[in-house]
Amino acid sequence: MRPRHPPTAPILDIDPFSDDFLADPYPFHEALREAGPVVWLEPHGVFAAARHAEVQSALQDWRNFSSAAGVGLADLNKEAVFRPRSIILEADPPLHERTRPVLAAALSPAALRALKPAFEAEARTLVGELARRGRFDGVTELAEVYPIRVFADALGLRADGRENLLPYAAAVFNDFGPRNHLFEETRRGADAVRDWVVAQCHRAQLRPGSLGARVFEAVDRGEASEEEAHKLVRSLLTAGLDTTVYGLGNALFAFATHPDAWRRLRADPGLARSAFEEVLRFESSVQTFFRTTTCETELGGVQLPEGAKILLFLGAANRDPRRWDEPDRFDITRKASGHVAFGYGIHSCVGQMVARLEGEIVLAALAERVEAIALAGDPVRRLNNTLRGLGSLPLRVS
Ligand code: 8QM
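Residues numbered from 1 in each chain as written. Predicted model: local features only at pLDDT ≥ 70, side-chain atom pairs only at ≥ 80, totals over all residues. Heavy atoms only, no water.

**Focus: the environment of L166**
Applied cut-off: Think of it this way: any DSSP run of H or I at least four residues long counts as a helix, any run of E at least two long counts as a strand, and we number them from the N terminus. Accessibility here uses a 1.4 Å probe with only protein chains present; expressed as a share of the type maximum, an area under 20% marks a residue as buried, one over 50% as exposed, and anything in between as partly exposed. Note on contacts: a residue pair qualifies if any of its non-hydrogen atoms lie within 4.5 Å across the two residues.
Relative to the elements of secondary structure, L166 occurs in helix α8 (residues 165-175). Of the residues examined, L166 reaches a relative accessible area of 16% and is grouped as buried. Separated by 18 residues in the primary sequence, L166 and I148 place their C-alpha atoms 8.7 Å from one another. For L166, the contacting residues outside a window of four places in its chain are E144, I148, D242 and V245.

**Some remarks on the nonpolar core**
Note the following rule: What we call a nonpolar core is a set of buried Ala, Val, Leu, Ile, Met, Phe, Trp, Tyr and Cys residues that are connected through their side-chain atoms within 4.5 Å.
Membership of the largest hydrophobic core comes to 115 residues, with the highest contact counts inside it found for Y146, F255 and L265. Here this core takes 10 residues from helix α17 (residues 352-369), the largest share from any one element. Apart from the residues within four sequence positions on either side, Y146 is in contact with F119, E122, A123, L126, F151, L248, E358, I361 and V362. Grouped together as the second largest cluster of nonpolar side chains are 15 residues, F17, F21, F290 and L311 included.

**Focus: the site of the ligand**
For clarity, the cut-off: When we say a residue is near a molecule or strand, we mean one of its heavy atoms is within 4 Å of it. Counting of polar contacts relies on pairs of N or O atoms within 3.5 Å, with two restrictions inside protein: one atom must be capable of donating a hydrogen and the other of accepting it, and residues adjacent in sequence are counted only when both atoms are side-chain atoms. Note that accessible areas follow from Shrake-Rupley with a 1.4 Å probe, and for residues the cover is restricted to the protein chains shown. The rule is simple: put a 1 Å grid over the protein atoms alone, call a set of points where a 1.4 Å probe fits but cannot get out a cavity, call an open set with protein on both sides within 12 Å along at least five of seven lines a pocket, and count a residue as lining if it has an atom within 4 Å of a point. Those molecules having more than half of their atoms within 2 Å of a cavity or pocket grid point set are described as sitting in that cavity or pocket. For this scheme, ten residues count as nonpolar: Ala, Val, Leu, Ile, Met, Phe, Trp, Tyr, Cys and Pro. Four count as charged, namely Asp, Glu, Lys and Arg, and the remainder, Gly too, count as polar.
All residues adjacent to the ligand are R83, S86, I88, L89, F173, S235, T238, A239, T243 and F289. At a separation of 2.6 Å, an oxygen atom of the ligand approaches a polar side-chain atom of S86. Between the ligand and the protein, one listed contact pairs an oxygen atom with a side-chain N or O atom of S235 at 2.5 Å. Surface burial for the ligand is 87%, taken as the share of its 330 Å² of free accessible area covered by protein chains. Spatially, the ligand is embedded in the largest cavity. Among the elements that line the shell around the ligand, the one with the most residues is helix α12 (residues 226-240), at 3 residues. Residue composition of the shell around the ligand, grouped by class: 5 nonpolar, 4 polar and 1 charged.

**Some details on the sheet that holds strand β5 (residues 135-137)**
Selection criterion: Two strands are said to pair when DSSP picks up at least two bridges between them. Lines fitted to the C-alpha atoms define the axes, with helices restricted to the stretch that makes contact. Angles between their N-to-C directions range from 0 to 180 degrees.
Read from one edge to the other, the open sheet built from 3 strands follows the order β5-β13-β10, with strand pairing classed as antiparallel. The sheet terminates laterally at β5 and β10 (373-375), the two strands that pair on one side only. Within the sheet, the average angular offset between the axes of one strand and its neighbour, ignoring direction, is 35 degrees. Judged from the 3 bridges that link them, β10 and strand β13 (residues 394-397) form a sheet pairing that is antiparallel. The residue of β13 that forms the bridge with L375 is L395.

**What to know about the side chain of R291**
You can see R291 is positioned in strand β6 (residues 288-293). Within the structure, the side chain of R291 is placed 3.3 Å from the side chain of S67, a separation counted as a polar contact. Beyond its immediate stretch of four places on either side in the chain, R291 contacts L59, F65, S66, S67, V71, A308, K309, I310, L312 and H347.

**Let's talk about the sheet that holds strand β2 (residues 39-41)**
Hydrogen bonds along the backbone pair up the strands of a sheet, which may run parallel or antiparallel. Strand order in the open sheet made by the 6 strands is β1-β2-β3-β9-β6-β4, with mixed pairing throughout. One side of each edge strand has no neighbouring strand; the edge strands of this open sheet are β1 (11-12) and β4 (65-66). Relative to strand β3 (residues 46-49), β2 runs antiparallel, the two sharing 3 bridges. By the bridge assignment for β3, V39 is matched with A48. Packed on one face of the sheet, helix α2 (residues 26-35) meets β1, β2 and β9 (309-313) and runs near 130 degrees to β2. Against the sheet, helix α3 (residues 52-60) contacts β3, β4, β6 and β9, and its axis sits at roughly 125 degrees relative to β9.

**What about the pairing of β3?**
Burial along β3 is two-sided: the face carrying V46 and A48 and the face carrying F47 and A49 are both buried. Between the antiparallel neighbours β2 and β3 lie 4 residues, among them G45 with a positive phi of about 65 degrees.

**Some remarks on the layout of surface pockets**
To be explicit about the condition: Grid points are joined across faces, edges and corners, and a volume is the space filled by probe spheres set on the points.
Of the volumes computed, that of the second largest pocket is approximately 210 Å³. Elements with a contribution of two residues or more to the lining of the second largest pocket: α5 (109-133), α7 (145-155) and α11 (211-220). Take the lining of the second largest pocket: its biggest share by element is 6 residues, from α5. Residue composition of the lining of the second largest pocket, by class: 8 nonpolar, 2 polar and 5 charged.

**Some details on the pattern of salt bridges**
Where we set the bar: Salt bridge, as used here, is a side-chain nitrogen of Lys or Arg placed within 4 Å of a carboxyl oxygen of Asp or Glu.
Summed over the entire model, instances satisfying the criterion amount to 27 salt bridges. D195 serves as the salt-bridge partner of R194, at 3.3 Å between the closest nitrogen and oxygen. Taking the relative accessible area as the measure of exposure, R194 reaches 16% and is therefore buried. Under the relative-accessibility criterion, D195 is labelled partly exposed at 44%. A salt bridge links E360 to R273; its shortest N-O distance comes to 2.8 Å. In this pair, E360 is assigned in helix α17 and R273 in helix α15 (residues 272-282), connecting sequence segments 87 residues apart. When its relative accessible area of 22% is taken as the criterion, E360 is described as partly exposed. Through salt bridges with shared partners, a single network forms among R187, D191, R194 and D195.

So yeah, pure geometry; function would need other evidence.
This is the structure we're talking about:
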């Protein structure tokens, strides 16, 4: 049964998980933003916000906009989903206040500094090989390859079986949406993939000294149980791969279609980090997340009942003209900070510094090697209920 509330928000007949929407969300985003600060999406019986101000304030207000009922369409307190609940993403304080520091400690600035040399060496090797070839697929041969190598290595994962990681993530991110054809397609056969991933998250499976092993050090400090550490390593694997795969693919696509921006980056590879930030704003890998109201509350002047799901359009907030000048322009010299691609507030991405490191290093390595980057064929979108990105991106570089 779909919840029926007398909406105080404009009613829209827009399905944000339809193929049309996912293939080109931007005209829909504009319609959502223009309709009002909060709208009611009739096809799924949920509220939604697409303006930067309301998205940010809902993310900030974790007491009224809870994550504990799940950040997908399903109410985790009522429905079973594909994977066991995350104890960090799908948790509120006080549980979240205990689990978040465990991952934050494992991903400390010192831990990241230690990762940098290996991340840089791997980027140079991979970019060097691809640049010599001149033609390659930016998604299947770069964006999907690099994070699997560097992040799975950093996590301490074994080398064999890694082909399970992306199908697992695709299923999880589709699982945040409705039971549509995308969900069905990645859900098929995914139990075995999930079971493999879950089995890799035990202490004994993880290389000593790795990020994964560091999560288990919290157990030794008495800050988490062995079972919680296992679930938190699973969170790193779930959240840390597909997101950066899509982010890198979106970066390559943005530069292949904006040669002026590439020339600018070439002239100053020091712009790589802020350029990746602009990619995240311009084409946010994670497009949407839900919250659930814990009581009668208000957002943007609209009354919301208790127990209502509200869909927050991160990608639309990141192109809200109320917040950004010329939001549809890809401009690597703009100040893109303030985007909500990593969320906002207590749940803002705990791995964002790893993601930025990967993005910066890959873009800098390319900028040092490659004079021009252009499409060598038609890019193919890969639709996903949560993620925005490509399945294939034929590129020519010189
Ligand atoms: C999305 O399992 C988790 O804890 C988890 C899964 C997915 C994400 C975050 C956390 C935001 C990237």
